[in-house]
Amino acid sequence: MRSIMRREVKNYVKNPLFWLGIAIGVIMVFVNLKPYLNIHYFGEGETIGNDCPQNYGDADVYDGYVPTEEGLRRGMWEEQIREVLIAQFGMDNEKAQSVMDEMKDMDIMAACAHLEGYGFYNANYMYRDTAYHIGTREEINSYIAEKLENRAFSYYFSRKFADFAGVFMLFFATVLLSGLFMQDTRRSTYELLHTKPVSAGSYLSGKVGGGFAVCLITLAILNLIFFGICLMATRDRGFEVHLTDFLWVSVICILPNMLMIVSVYSLISLLFKSPLPTVPLLFLYSVYSNMGSSNAEGIYGYYGIPLAIMVRFPGRFFDTASPPMALLNQSFLILAAICILFLSMQIWKRRRVY
């Protein structure tokens, strides 16, 4: 088993395409993470420069946006609704005010439904946009300090890293591991392997272990690179950065996905005597894993899917949270991968020549 594993790792490490893929991955992940490296405390006289409106639904703290207090959101929203009724619906001040008075005792959902009677269908989206607003220097600094009071900066940054690195690793592993069983499933080699005194457990453990080890090496390199980038970018800002935050979120949210992918490769490769059918299957699996859905409030977003091989961390930087039951899902992935591996062993044994 160990010899098979070492051989697979050496074959990948010596391949220039392996390192090219890692380089492309570093660039892709860095482009997505770069805005978060600009988060800092605003100094005296420093201005917030952006062309975004006062309220913008997708803005984050690096754009100068902070959460709006719940008590102020309703008034801010109503003022925007009033302006739209006058500017786009042709109402005068008195008529617009009467519409606002009709919604005085309604909650937001009821008020949005009431506005639909006037042909105003995007009031709920406008309310979501009021959740954040351009803050003053004091508001931004206070917000950052509050979020970093009990958590290190790397706690939040590592989750965004896991979000984008996890997507890269999924596609990287899908393409990279296509060659794991390629040579062994050729007819002459496949038949020869089944005449050798190597057990199914040793062979498949070595192949799966080798593929998983390659993914582990790739992920370790990404962790070290982005830990260093984060450390250097924030060294003058007083932010705490811990390598353990990167390692922990990678072990929990990415490695089980890699184990599942390499296990699926073993099953399909032995079932069809070729790893090629696995590639489109895994691409479809990745699309399924990244599908969004609506929650109980009707808000569309990413909330996780059973047995997904992708863990996303949607939301703004300091509001980043893993999907519900993500830890349980990752545990089931490990269990499913082990079951697939045992099934692969049974297929190998049935085709063995004595």
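One can find the structure itself at the top, above this paragraph.
Engineer: Which parts of the structure should I look at to understand the overall build of the protein chain?
Structural biologist: Helix and strand counts for the protein chain come out as 14 helices and 4 strands. Put simply, the protein chain has 354 residues, and 47% of those count as buried. Considering only residue pairs separated by 6 or more positions, the protein chain has 74% of its internal contacts joining residues 24 or more positions apart. For the protein chain, the exposed surface amounts to about 18,200 Å²; the carbon and sulfur share of it is 61%.

Engineer: For this particular structure, what's the right way to read the packing of aromatic side chains?
Structural biologist: Any aromatic ring pair is given by two values, namely how distant the centres are and how the planes are angled relative to each other. Applying the stated criterion across every chain, the model contains 21 aromatic pairs. Ring geometry for phenylalanine 153 versus phenylalanine 239: centroids 5.0 Å apart, planes at 15°, classification stacked. Of the two residues, phenylalanine 153 sits in helix α8 (residues 153-176) while phenylalanine 239 sits in the loop between α10 (200-233) and α11 (243-253), which places them 86 residues apart along the sequence. According to the relative accessible area criterion, phenylalanine 239 is buried, its value standing at 9%.

Engineer: When you look at the pattern of salt bridges in this model, what are you seeing that I'm missing?
Structural biologist: When the charged atoms of two side chains with opposite charge come close together, those side chains can pair. Taken as a whole and judged by the stated rule, the model has 4 salt bridges. Where glutamate 138 meets arginine 137, a salt bridge forms, and the shortest distance between an N and an O atom there is 3.3 Å.

Engineer: In this structure, what is going on with the environment of serine 3? I would like to understand it.
Structural biologist: Following the sequence through the fold, serine 3 ends up in helix α1 (residues 2-13). A relative accessible area of 46% means that serine 3 is categorised as partly exposed. Between the C-alpha atom of serine 3 and that of lysine 207, which follows or precedes it by 204 residues, the distance is 9.9 Å.

Engineer: Just to check I follow, could you spell out helix α2 (residues 16-33) for this structure?
Structural biologist: Since there are 3.6 residues in each turn of an α-helix, residues three or four apart along the chain are aligned in direction. When the terminal C-alpha atoms of α2 are compared, their 26 Å separation across 18 residues agrees well with the 26 Å that a helix rising 1.5 Å per residue should span. All buried positions along α2 are accounted for by Phe18, Gly21, Ile22, Gly25, Val26, Val29 and Leu33. Within α2, the buried residues cover an arc of 145° as seen down the axis, which keeps them to one side. For α2, exposure combined with an orientation more than 90 degrees from the buried face picks out Pro16, Leu17, Ile27 and Val31.

Engineer: Quick question: what am I supposed to make of the environment of aspartate 60 here?
Structural biologist: One can find aspartate 60 in the loop between α2 and β1 (65-67). Placed 73 residues apart in sequence, aspartate 60 and histidine 133 show a C-alpha to C-alpha distance of 9.4 Å. Dropping the residues within four chain positions of it, aspartate 60 is found in contact with Tyr36, Tyr65, Arg316 and Phe317.

Engineer: So what exactly am I meant to see when it comes to the packing of helix α12 (residues 255-272) against helix α13 (residues 278-289) here?
Structural biologist: Helix-helix packing: each pair is described by the crossing angle between the helix axes and the interaxial distance. In the contact formed by α12 and α13, the axes pass within 10 Å of each other and the chain directions differ by 140°. For the pair α12 and α13, the crossing hand works out as right-handed. The segment α12 lies against α13, with Met260, Ile261, Val264, Tyr265, Ile268 and Ser269 engaging Thr278, Val279, Leu281, Leu282 and Tyr285.

Engineer: Quick question: what am I supposed to make of the nonpolar core here?
Structural biologist: A general feature of soluble globular proteins is that nonpolar side chains tend to end up buried together. Grouped together as the largest cluster of nonpolar side chains are 84 residues, with contacts concentrated most on Phe157, Leu177, Phe226, Met260, Ile261 and Phe318. Per-element tally for this core: the top contributor is α8, with 14 residues. If you look at the next biggest cluster of nonpolar residues, it comprises 17 residues, including Trp77, Leu85, Ala111 and Tyr127.

Engineer: I would appreciate a short explanation of a nonpolar patch on the surface in the present structure.
Structural biologist: Where nonpolar side chains cluster on the molecular surface, the patch consists of Leu307, Met325, Leu328, Phe332 and Leu335 and spans about 490 Å² of accessible area. For leucine 328, the position within the fold is in helix α14 (residues 326-350). A relative accessible area of 41% places leucine 328 in the partly exposed class.

Engineer: Explain the side chain of serine 269 to me, please; I cannot follow it from the model alone.
Structural biologist: Structurally, serine 269 is set in helix α12. Given a relative accessible area of 0%, serine 269 falls into the buried group. A polar contact of 2.6 Å, which involves the side chain of serine 269, links it to the backbone oxygen of tyrosine 265.

Engineer: Mind showing me how you'd approach the environment of tryptophan 19 here?
Structural biologist: Its place among the elements puts tryptophan 19 in helix α2. Each C-alpha atom, one on tryptophan 19 and one on threonine 218, is 9.0 Å from the other, the two residues being 199 residues apart in sequence. Excluding its chain neighbours within four sequence positions, the residues that come into contact with tryptophan 19 are Val13 and Ile221. Separated by 2.7 Å, the side chain of tryptophan 19 and the backbone oxygen of valine 13 make a polar contact.

Engineer: Which parts of the structure should I look at to understand α12?
Structural biologist: Here α12 contains 18 residues, and its C-alpha end-to-end distance of 26 Å stays within 8% of the 26 Å for a straight helix at 1.5 Å per residue. Lysine 273 sits one or two residues past α12 and shows a positive phi near 55°.

Engineer: What exactly am I supposed to notice about unusual backbone geometry here?
Structural biologist: Keep in mind that most residues, glycine aside, have a negative phi and that most peptide bonds are trans. Phi angles above zero are rare outside glycine, and leucine 307 is one such case at about 60°. Following the sequence through the fold, leucine 307 ends up in the loop between β4 (300-301) and α14.

Engineer: Can you help me understand the side chain of serine 250 in this one?
Structural biologist: Mapped onto the secondary structure, serine 250 falls in helix α11. For serine 250, a relative accessible area of 3% corresponds to the buried category. In this structure the side chain of serine 250 is engaged in a polar contact, spanning 3.1 Å, whose partner is the side chain of asparagine 223. Setting aside residues up to four positions removed in sequence, serine 250 forms contacts with Phe161, Leu219, Asn223 and Leu255.

Engineer: Help me understand the packing of α12 against α14, please; the structure alone is not making it clear to me.
Structural biologist: Contact geometry of α12 with α14 gives a least axis separation of 9 Å together with a crossing angle of 20°. Judged on the interaxial angle alone, α14 and α12 are roughly parallel. α12 and α14 meet at a crossing whose hand is left-handed. Touching Pro256, Asn257, Leu259, Met260, Ser263, Val264, Ser266, Leu267, Leu270 and Leu271 of α12 are Gln330, Leu333, Ile334, Ala336, Ala337, Ile340, Leu343, Ser344, Ile347 and Trp348, all from α14. Counted by class, the contact of α12 with α14 contains 15 nonpolar, 5 polar and no charged residues.

The rules behind each value
Residues numbered from 1 in each chain as written. Predicted model: local features only at pLDDT ≥ 70, side-chain atom pairs only at ≥ 80, totals over all residues. Heavy atoms only, no water. Helix = DSSP H or I, 4+ residues; strand = E, 2+ residues; numbered from the N terminus. Buried < 20%, exposed > 50% of the residue type's maximum accessible area, 1.4 Å probe, protein only. Contact = heavy atoms within 4.5 Å. Areas by Shrake-Rupley, 256 points an atom, 1.4 Å probe, with all protein chains shown as cover. Phe/Tyr/Trp six-rings, centres within 6.5 Å; stacked < 30°, edge-to-face > 60°. Salt bridge = Lys/Arg side-chain N within 4 Å of Asp/Glu carboxyl O. Expected span 1.5 Å × (residues − 1). Arc of directions from axis to C-beta. Axes fitted to C-alpha atoms, helices over the stretch in contact; angles between N-to-C directions. Left-handed = near helix turned anticlockwise from the far one by under 90°. Core = buried A, V, L, I, M, F, W, Y, C linked by side-chain atoms within 4.5 Å. Patch = residues over 30% accessible without salt bridge, like charges linked within 9 Å, V, L, I, M, F, W, Y side chains within 5 Å. Polar contact = N/O pair within 3.5 Å; in protein donor to acceptor, adjacent residues only side chain to side chain. Parallel < 35°, antiparallel > 145°, perpendicular 65-115°, else oblique. Nonpolar A, V, L, I, M, F, W, Y, C, P; charged D, E, K, R; others polar.

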